[in-house]
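Survey of secondary and tertiary structure
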Amino acid sequence: MKYGQFDATKKEYVIQTPNTPLPWINYLGTQEFFGMISNSGGGYCFMIDARKQRLTRYRYNNVPMDSGGRYLYIKDDQTGKMWAPGWMPVKADLDVYECRHGLGYTVITGEKDAIRVSTRYFVPFNESCEIWETDITNTGKRKKSFTLFSFVEFCGWEALNDATNLQRTLNLGEVEVDGSVIYHLTEYRERRNHFAYFAASEKIAGYDTDSESFLGRYNGFHEPRVVAEGKSRNSVACGWNPCGSHSIRITLKPGETRKMNFMLGYAQNPENEKFSAPGVLNKKRVRVTLKKYLNRKNSEKAFENVVKQWEELTGRFQVETPYKNLDMMVNTWNQYQCVTTYNMARSTSYYETGIGRGIGYRDACQDLYGAVHIMPPERSRTRILELAAIQWRNGATYHQYQQLDKKGNATIGVGFNDDPLWLILGTATYIKETGDWSILEEQAQFDNNPKDTATLYEHLIISVKHIMEHRGPHKLPLVGRADWNDCLNLIMTSIKPGDTFQGDATHASLKDKIGSVPESLMIAGQFVWAVGEFMRMAQHKKDRKNEKMAAAAVKEMQAAIIKHGWDGEWFVRAFDRFGKKVGSRENPEGKIFAESHGWIGMASVGKENGMLEKALDSVKERLFSRHGIVLQQPAYTKYNFYLGEMTSYPPGVKENGGIFCQPTGWLTISECNVGRGDQAMEYYKSICPAERESISDVHRCEPYVYAQMIAGPDSARFGEAKNSWLTGTAASSFLAVSQYILGIKPEYDGLLIDPCIPKGWKGFRVHRKFRNATYEINVVNPSHVSKGVKSVTVDGKTLAGCILPDFKDGKHHKVEVVMG
């Protein structure tokens, strides 16, 4: 069943029924990209739900009901009916409903009894406010009179405190009303110099700022007393739950439209300029913003700029292939999700509350794969240096860091042994895209200590040595507290309520506690790929000593993988504390895992002796399902203390036999590395959101963005997706399709052309902006091969090899590629 459709011309997804299986959201603005910042994860991260016209996760006391946030209501004078243009929360039957999610905006339209209300929501670039452009039309043949009510639920700034410390937070609420503007001032009198506001462009008939006054005692959002009565109570919040609501009286002739703007925003005053008079908010600065955007002409210009900015960002990479769903995702939605994921990491979404976690180290690095070609180079450069600054002198890195102060999360600590290698991969990704080798000479702190610094290049050397110095009895990298799979926990010594499965932040005496030290084949494959990149950096710097060190380390790791990691038909996943294999035919459950094969395949280990291709055949046979690649099989049916959190989930869910989507990208790349374009495309299609749109009643998540996981075949909900938007799947899928299937791959010295496509494809086109030049690439496949380039011409001249020159000339260059 489908609930909507793509509008390729407008680059929108159009939802045609409010009754979607789950809230299908859109990010209108994110705190890093648009300056929306508040303390401790609370406050403003603008996400909008397709069916509810509300601000998802605005407060943290609504799980799992997903209620509250922001609404518009109509009270019709003629019929006496109360309804909401966004369907929720009233859920009255609408004559017309449509939601259009676009890049940085959403338009929700609802019509009932000849009153049509259409609202466009967006966040202007570089502003800390959300604009609602609301158009109300009388579509009937008679005059209509009614009242429009707005509503927002204000948060208490600190999310955890707001949800738990009720003896304080329910006594803090303060507001100030000035004309059509409601100012939320909770804690402004003391510790804060920031505030929220909710404004209307129209003269209002009344207002409310106290939630109970607006809703009525024991009433829900679907039956607010004020709307039912058709009149505001002009309540002023004093403690309890502050809100913002305007009432606007409207009379329309047949065919008449009235346009108005609402603004929901965040503002700050200098500490010494908080008040204009005792107890009166200083509104001097915020009034400039209000005057600007409550004016429809100005807001429309701001919207045009949002559209233009997104067109420029996503326009850097555009394709035309025989597979239209691929075009839809690559040209628009996959890149859009990559930017959102880059900005928010895994911190705040419909599934993540934004409390405490911050940004994951590996997340911040791997997200570069999908966004480095879009973002201004200085943003990616800054992020890499921030990540280097939370590395320790011994090479370990904090597993998470906070967006506001950029410091490592000491509560979580270090010991996730894949993290140091991600710094190498992130740096390589940046240099390949930009050609900026100077970043290697930038000074970066250790553990955010300005007195202890080294160049980024020295940080990378330390990363390599850290892994080499932390290997187990098979000369394979130690897992530590976890590798990429945070739920494969091989070092736990105890687990009690409140404990983390990942074990202690320090494990210096781990070997004494548990005997043999667990090793990871996944990190081994990652090491070969990452240190191979470091070796090329050393070559560029003419650092022969570290070039030789890296080459020897890669060779030694490859040998260890082949000698100890091969299980006869596939590669094992790990060695546990007892020195026994995990992910082996010797195991009754969890015989084969996806992650080790993804990384070993990306590094092409075992390609020359046929092991890799045989292992990938085993992945296809044992892990691939009609809904994607399962993380491991058979799923674990019992909890196993020695394997950790993975086995705490029911079979078929998340890391226990679920379809964890990110490794699908890795295995797609692996198939391209062995030249199997048809298999690579089959994997790509299996989790492609646009491809799964036709089974939306099974998939349930948004059909325009990737989800973290899909329930596996052992689950009663096989095929159901969860945890959409903020997932490494966005970047891994874009990396796989752009650089390996289509084969447009940034390299240190230019743009490599090396496609691996289905044999049935006749060809494809790519528009690619790269280092201040634009490449118009036309690929033809007359021999119907999957891989291999016969000739390349650039501007009519035959090129020796497949790497396009780095022109840096600001011009367009015509590239013709013949496969064969």
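Residues numbered from 1 in each chain as written. Predicted model: local features only at pLDDT ≥ 70, side-chain atom pairs only at ≥ 80, totals over all residues. Heavy atoms only, no water.

Some remarks on the sheet that holds strand β32 (residues 659-660)
Keep this limit in mind: We call two strands paired when DSSP finds no fewer than two bridges between them. Working definition: helices are DSSP H or I runs of at least four residues, strands are E runs of at least two. Numbering for both runs from the N terminus.
Pairing is antiparallel in the open sheet, where 3 strands are placed in the order β32-β33-β34. With partners counted over all chains shown, the strands left at the sheet margins are β32 and β34 (721-724), one partner each. Across 2 bridges, β32 lies against strand β33 (residues 707-710) in antiparallel orientation. In the strand pairing of β33, F660 is matched with M709.

What about the pattern of salt bridges?
Definition in use: A pairing counts as a salt bridge when a side-chain nitrogen of Lys or Arg comes within 4 Å of a carboxyl oxygen of Asp or Glu. Classification of residues uses two cut-offs on accessible area relative to the type maximum, computed with a 1.4 Å probe and protein chains only: under 20% is buried, over 50% is exposed, and between them is partly exposed.
Counted under the stated rule, the structure contains 56 salt bridges. With a shortest N-O distance of 3.7 Å, K324 and D327 are connected by a salt bridge. Note that K324 and D327 are positioned in helix α8 (residues 324-344) at a spacing of 3 residues, about one turn of the helix. Overall, the relative accessible area of 8% leaves D327 in the buried class.

Observations concerning the nonpolar core
Put simply, the rule is: Only buried Ala, Val, Leu, Ile, Met, Phe, Trp, Tyr and Cys residues count toward a nonpolar core, and they belong to the same one when joined by side-chain atoms within 4.5 Å. When checking whether two residues touch, look at their non-hydrogen atoms; a contact exists if any pair is within 4.5 Å.
Residues Y197, I561, Y684, I777 and L804 are the most contacted members of the largest nonpolar core, which totals 234 residues. Per-element tally for this core: the top contributor is helix α15 (residues 521-540), with 13 residues. Apart from the residues lying within four places of it in its own chain, the contact partners of I561 are L476, L521, A524, G525, V528, W566, F571, I600 and V605. Listed in part, the 10 residues of the second largest apolar core include L490, V582, Y636 and L643.

Here's the deal with helix α18 (residues 611-623)
Inclusion rule: Multiply 1.5 Å by the residue count of a helix minus one, and that product is the helix's expected span. The arc in question is traced by the directions running from the helix axis to the C-beta atoms.
Between its first and last C-alpha, α18 extends 17 Å over 13 residues, near the 18 Å set by a 1.5 Å rise per residue. All of the buried residues in α18 are M611, L612, A615, L616, S618, V619 and L623. Buried residues of α18 fall within an arc of 155° about the axis and therefore sit on the same side.

Side note on the confidence of the model for the chain
The cut-off we apply is this: The quantity known as pLDDT measures the predictor's confidence residue by residue, on a range of 0 to 100.
Per-residue confidence for the chain gives a mean pLDDT of 91, with 93% of residues at or over 70. Considering only residues more than four positions removed or in separate chains, one finds that residues 30-45, a stretch of pLDDT under 50, has 73 contacts. The low-confidence segment residues 505-515 (pLDDT under 50) makes 17 contacts with residues lying over four places distant or belonging to another chain.

Here's the deal with helix α13 (residues 456-469)
In this model, α13 (14 residues) spans 20 Å end to end at C-alpha, consistent with the 20 Å of a helix rising 1.5 Å per residue. The element α13 is largely enclosed, with a buried count of 11 among its 14 residues. Where the residues of α13 are buried, they touch α11 (377-388), α12 (419-434), β23 (443-446), β24 (449-455), α15 and α16 (544-565).

Considering empty space enclosed by the protein
This is how it is decided: Here the term cavity refers to a set of points on a 1 Å grid, laid over the protein atoms alone, in which a 1.4 Å probe fits but cannot get out; the term pocket refers to an open set having protein on both sides within 12 Å along at least five of seven lines, with lining residues being those that place an atom within 4 Å of a point. Grid points are joined across faces, edges and corners, and a volume is the space filled by probe spheres set on the points.
Across all of its chains, the model carries 7 cavities of 30 Å³ or more by this definition. Taken as a whole, the largest cavity encloses approximately 220 Å³ of empty space. Contributing to the lining of the largest cavity are 20 residues, with Y369, T429, L735, Q739 and P746 lying nearest its centre. Looking at the lining of the largest cavity, the elements with two or more residues in it are α12, α15, α22 (729-741) and β35 (744-747).

Description of the packing of α13 against α16
The condition that has to hold: Where helices are involved, their axes are fitted lines through C-alpha atoms of the stretch in contact, as for all axes, and angles between N-to-C directions lie from 0 to 180°. Roughly parallel refers to an angle under 35 degrees, roughly antiparallel to one over 145, roughly perpendicular to one between 65 and 115, and oblique to any angle outside these ranges. By definition, turning the near helix anticlockwise from the far helix through less than a right angle yields a left-handed crossing, and turning it clockwise yields a right-handed one. Polar here means any residue outside two lists: the nonpolar Ala, Val, Leu, Ile, Met, Phe, Trp, Tyr, Cys and Pro, and the charged Asp, Glu, Lys and Arg; Gly therefore counts as polar.
As a packed pair, α13 and α16 sit with axes 11 Å apart at the nearest point and diverge in direction by 30°. For the element pair α13 / α16, the angle class is roughly parallel. Once α13 is placed against α16, the crossing between them reads as left-handed. Each of Y457, I461, V464 and M468 in α13 lies in contact with α16, whose residues at this interface are N546, M549, A553 and E556. Tallied by class, residues from the contact of α13 with α16 come to 6 nonpolar, 1 polar and 1 charged.

Considering the layout of surface pockets
By volume, the largest pocket is sized at about 900 Å³. If you go around the largest pocket, you meet 35 residues; those closest to its centre are R346, R357, D486, K654 and Q708. Per-element accounting of the lining of the largest pocket gives the leading share, 3 residues, to helix α9 (residues 361-366).

Description of the packing of aromatic side chains
Formally: When two rings of Phe, Tyr or Trp (its six-membered ring) have centres within 6.5 Å they constitute a pair, described as stacked for plane angles under 30 degrees, edge-to-face for angles over 60, and tilted for the intermediate range.
By the definition in use, this model includes 39 aromatic pairs. For the ring pair Y336 and W725, a centre distance of 5.9 Å and an interplane angle of 75° mean the geometry is edge-to-face. Placement of Y336 in helix α8 and of W725 in the loop between β34 and α22 is noted, with a sequence separation of 389 residues between them. For the pair Y336 and W725, a shared accessibility class is recorded, and that class is buried. An angle of 90° between the planes, with centres 5.4 Å apart, marks the rings of W484 and F660 as edge-to-face.

Quick notes on the side chain of D419
What counts is decided by this rule: Two N or O atoms count as a polar contact when they lie within 3.5 Å, although within protein this holds only if one can serve as hydrogen donor and the other as acceptor, and sequence-adjacent residues are included solely when both atoms are side-chain atoms.
By secondary structure assignment, the location of D419 is in helix α12. For D419, a relative accessible area of 0% gives the class buried. Among the polar contacts made by the side chain of D419, one reaches the side chain of H399 at a distance of 2.7 Å. The residues touching D419, leaving out its near neighbours within four places in the chain, are Y361, R362, T397, Y398 and H399.

Notes on the packing of α12 against α15
For the pair α12 and α15, interaxial distance at closest approach is 9 Å and the crossing angle is 45°. One element, α12, and the other, α15, form an angle in the oblique class. Every pair of crossing elements has a handedness; the one defined by α12 and α15 is left-handed. Only I523, Q526, F527, W529, A530, V531, E533, F534, R536 and M537 of α15 make contact with α12, whose side of the interface consists of L421, W422, I424, L425, T427, A428, I431 and K432. Residue composition of the contact of α12 with α15, by class: 13 nonpolar, 2 polar and 3 charged.

With respect to unusual backbone geometry
At the junction of M88 and P89, the peptide bond is cis and its omega measures out at 5° in the coordinates. Here P89 is to be found in the loop between β6 (82-83) and β7 (96-102). A cis geometry characterises the amide bond from Q633 onward to P634, with omega recorded as -15°. With respect to the helices, strands and loops of the structure, P634 is situated in the loop between β31 (632-633) and β32.

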